[in-house]
Amino acid sequence: MFYPSNAKIEDRAIGALKNIIDDDLTMAAQFNSMDKEMAWDGYIYIYKKNNGDQSKKNLDDKVPVQIKGHIDKESKYLNRKRITFSVNLVDLEIYHDDRGVVYFEIFMSEDGTRREIFYSLLYPSKIKGYLEKAAQKGNNTSISIGFNKLVKSPQKLYIVVKQFSQESKRQGFGSGEIVQNTIAIQDLDKVTSMTATAIGAKNEFEFMQRLSTGDVCFYGTTKENQIKVPIAWDEDNRHYLEKQVNKSVSINGKIYYETYRIIWSSTGDFTMVLSENLQIELEKKKFQIIRRTGIKEFGKDAHFILELINNKSFKIGNAIVSYHGFNIPDSLVGELKFMDDLNNTLNEIEFDYDKPFWNLPLDVKKQLIQIVAIRNGEMNNILTDRVSFFDWKIEDKYMPVIIIKQDDGSVELNNGVFSKNQISVKNDKEEHYIIPLFGYADQKILANLYYYNYELFYEQIDSADVNVYTLDFLNHTALKLIQAYDINGNEKLLDIAEYQLKKIEKFEKEKIYFILNMLQITKRRGLFSDRESIILQGLYTNNLQELFGINVLLENKEKAKKIYDQMEQEEQDLIAEYPIYFLYQNL
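Report follows, based on the coordinates.

Thresholds applied
Residues numbered from 1 in each chain as written. Predicted model: local features only at pLDDT ≥ 70, side-chain atom pairs only at ≥ 80, totals over all residues. Heavy atoms only, no water. Pairing = 2+ DSSP bridges. Helix = DSSP H or I, 4+ residues; strand = E, 2+ residues; numbered from the N terminus. Axes fitted to C-alpha atoms, helices over the stretch in contact; angles between N-to-C directions. Contact = heavy atoms within 4.5 Å. Polar contact = N/O pair within 3.5 Å; in protein donor to acceptor, adjacent residues only side chain to side chain. Expected span 1.5 Å × (residues − 1). Buried < 20%, exposed > 50% of the residue type's maximum accessible area, 1.4 Å probe, protein only. 1 Å grid on protein atoms, 1.4 Å probe; cavity = no way out; pocket = protein on both sides within 12 Å on 5 of 7 lines; lining within 4 Å. Points joined across faces, edges and corners; volume = space filled by probe spheres on them. Nonpolar A, V, L, I, M, F, W, Y, C, P; charged D, E, K, R; others polar. Core = buried A, V, L, I, M, F, W, Y, C linked by side-chain atoms within 4.5 Å. Salt bridge = Lys/Arg side-chain N within 4 Å of Asp/Glu carboxyl O.

Our next topic: the sheet that holds strand E12 (residues 249-251). Strand order in the open sheet made by the 4 strands is E13-E12-E18-E19, with antiparallel pairing throughout. Because the sheet does not close on itself, it has two edges, and the strands there are strand E13 (254-257) and strand E19 (319-322). Adjacent strand axes in the sheet meet at a mean angle of 35° when their direction is disregarded. Helix H7 (residues 295-311) rests against E12, E13 and strand E18 (313-316) of the sheet, and its axis sits at about 130° to E13.

Structure (structure tokens):
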């Protein structure tokens, strides 16, 4: 195949550019073919008003340009959005010492029917960076420079040329003080303020697009220099712009996030940041999962992703965003399902446990896996009763759980101590009476709970029915609290025990067991006085357990032992389960 001469190629290149300029009233061109000037091929004139007036009065700027034409024999460049091409260093030095240049590389197909224009805005500070890079690499003749494909419209070309005009006017000649004081990338931490203006950018997204091309220059100040000077630009650097968006993100009417953040990068990446754990790279159709937060936040993120997989779309405000082409490994789906189940399980048992799962010791992870397995019905084969109490242990503390196995095999869990749901007992007449839920817990459990909600203890006591059917349970609830105090020394448990006993006082205040239980709380508080001794000495009973309690509180150790030895083994075993026995052992 025969190819046109270099002169013809250059003429065609100039023609491709000039055709765009001729269609716009704000631009005119003066191009010279065959490099008649030393380093420029001419100028693009831009005008202030879009009225066709191309007089000197309406002239805005005379922008120097360099135009290179090429036949793209293997279509190496025609289909690309951005290319790199070698530029002579001597030419760059000339441009630098002047005001820079708008450099065009124009490629044509072999048959000449297709022509693509690439440009680079080489304002002085940008050229300075290229010259310094060439020196660092030891380049003596040329350096590769990035060029961006021009959208072939007069408006786009005007924006490009106007941007160069703005930057070059602001910077002046490369040898001037402003360009010579350009702030290096490694000195960005010294910058006290930054500004940049992108001609024609209507929003942040368009600004980042312009920034990614290298068209836009940032200017900054430092403590040492309050004059705004250019900040160095490097093709290898990335810039990021972040914005808070106050719109909800929902699926099927359920709002998962009230707000989110958007991060645009100068490379064109677009990331939606929904939480500390979850980002969506929309261009790459990829979820970025960063395991940072506790179970609650990550569980919500997991549920969102799983729902998105099922529904194929989500809403930002009222706008629907389709979900297609996101690839999630099965292993990750399994992890998300577990974290969703774990979060739901902890919510179900009203347990506010919100630590990062991945940072937990292995034994604690196993404890959490266990409670999820119970909720998922994976342990139904060992649950013989419809309702079971399970003293679930987490981090060497207890979080009792009520397990309710349904007829269909599903499992419902409730907090075994602090549930807001009420529990009741019934008599032989099938009459139901409310009792404190925490009264079912063993004293060792009450002494070693993962957390204490004292307000709920009082609420449960206040809600309980007090009658002949519940008195024994309520009394034993108080005794368990006293024993829990003996284990952990938490005086708030003594307060609650006393509060519980006072609730049954009107029924039991004349009974010796009741008096002994109230006085042993006083004894533990160190408030036992002659008054309490007189009360005890005035009690008359033949009951060995009551006599034992009286003498323990009076600290008659020998007499208490003698009474204890008179008891049958069964009665001794029974008394050993009561808190009075703790005082006896410590006489």
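Structurally, Ser275 is set in the loop between strand E15 (270-273) and strand E16 (278-281). Here Asn277 takes part through its backbone nitrogen, which lies 3.0 Å from a polar atom of the side chain of Ser275. Here Asp301 takes part through its side chain, which lies 2.7 Å from a polar atom of the side chain of Ser275. Contacts of Ser275, omitting those with residues within four sequence positions, involve Tyr257, Glu297 and Asp301.

For helix H9 (residues 362-375), which comprises 14 residues, the first-to-last C-alpha distance of 20 Å matches the rise-based estimate of 20 Å (1.5 Å per residue) to within 8%. Listed in full, the buried residues belonging to H9 are Val364, Gln367, Leu368, Ile371, Val372, Ala373, Ile374 and Arg375. Considering only its buried residues, H9 is in contact with H7, helix H8 (330-348), strand E20 (387-394), strand E21 (397-405) and strand E22 (411-415).

Before going further, it helps to spend a moment on the layout of surface pockets. It is the rolling of a water-molecule-sized probe over the atoms that shows where space remains empty. In this structure, the largest pocket spans a volume of roughly 900 Å³. Residue lining of the largest pocket: 30 residues in total, with Lys149, Gln209, Arg210, Ser212 and Thr213 positioned closest to the centre. Listing elements by their share of the lining of the largest pocket, those giving two or more residues are strand E7 (142-149), helix H4 (154-171) and helix H6 (204-213). In terms of residue count, H6 provides more of the lining of the largest pocket than any other element does, 7 residues in total. If you add up the space inside the second largest pocket, you get close to 350 Å³. Considering the residues around the second largest pocket, the lining is formed by 18 residues, among which Gly129, Glu132, Ala232, Trp233 and Asp234 are closest to the centre. The residue inventory of the lining of the second largest pocket, partitioned by class, reads 6 nonpolar, 6 polar and 6 charged.

Attention shifts here to the sheet that holds strand E9 (residues 219-222). Overall, antiparallel pairing links the 3 strands, which are arranged E8-E9-E10 in an open sheet. One side of each edge strand has no neighbouring strand; the edge strands of this open sheet are strand E8 (191-195) and strand E10 (229-230). Note: E8 against E9, 4 bridges, orientation antiparallel. Bridge pairing links Val191 to Thr222 in E9.

Counting residues in each nonpolar core, the largest one holds 93 residues, and the members touching the most others are Phe304, Leu368 and Trp392. Examining the composition of this core, we find that 8 residues originate from one element, helix H12 (residues 471-488), more than from any other. Setting aside chain neighbours within four positions, we find Trp392 in contact with Leu346, Ile349, Phe351, Gln367, Leu368, Gln370, Ile371, Lys397, Tyr398, Met399, Pro400 and Val401. Counting residues in each nonpolar core, the second largest holds 30 residues, with Met108, Leu121, Leu150 and Val161 among its members.

It is worth spelling out the pattern of salt bridges at this point. In the structure shown here, the tally under the stated rule is 27 salt bridges. For Asp187, the salt bridge goes to Lys190, with nearest N and O atoms at 3.8 Å. The exposure class assigned to Asp187 is partly exposed, which follows from its relative accessible area of 28%. Its salt-bridge partner being Asp495, residue Arg525 comes within 2.3 Å of it at the nearest N-O pair. A residue pair is termed long-range when its members are at least 10 positions apart, and Arg525 in the loop between helix H15 (512-524) and helix H16 (530-537) and Asp495 in helix H13 (residues 491-503) qualify at 30 residues. Since its relative accessible area comes to 27%, Arg525 is described here as partly exposed. The class of Asp495 is partly exposed, set by a relative accessible area of 33%. A single network of salt bridges, built from pairs that share partners, joins Asp495, Glu498, Lys502 and Arg525.

Note that all results are geometric; they support no functional claim without further evidence.
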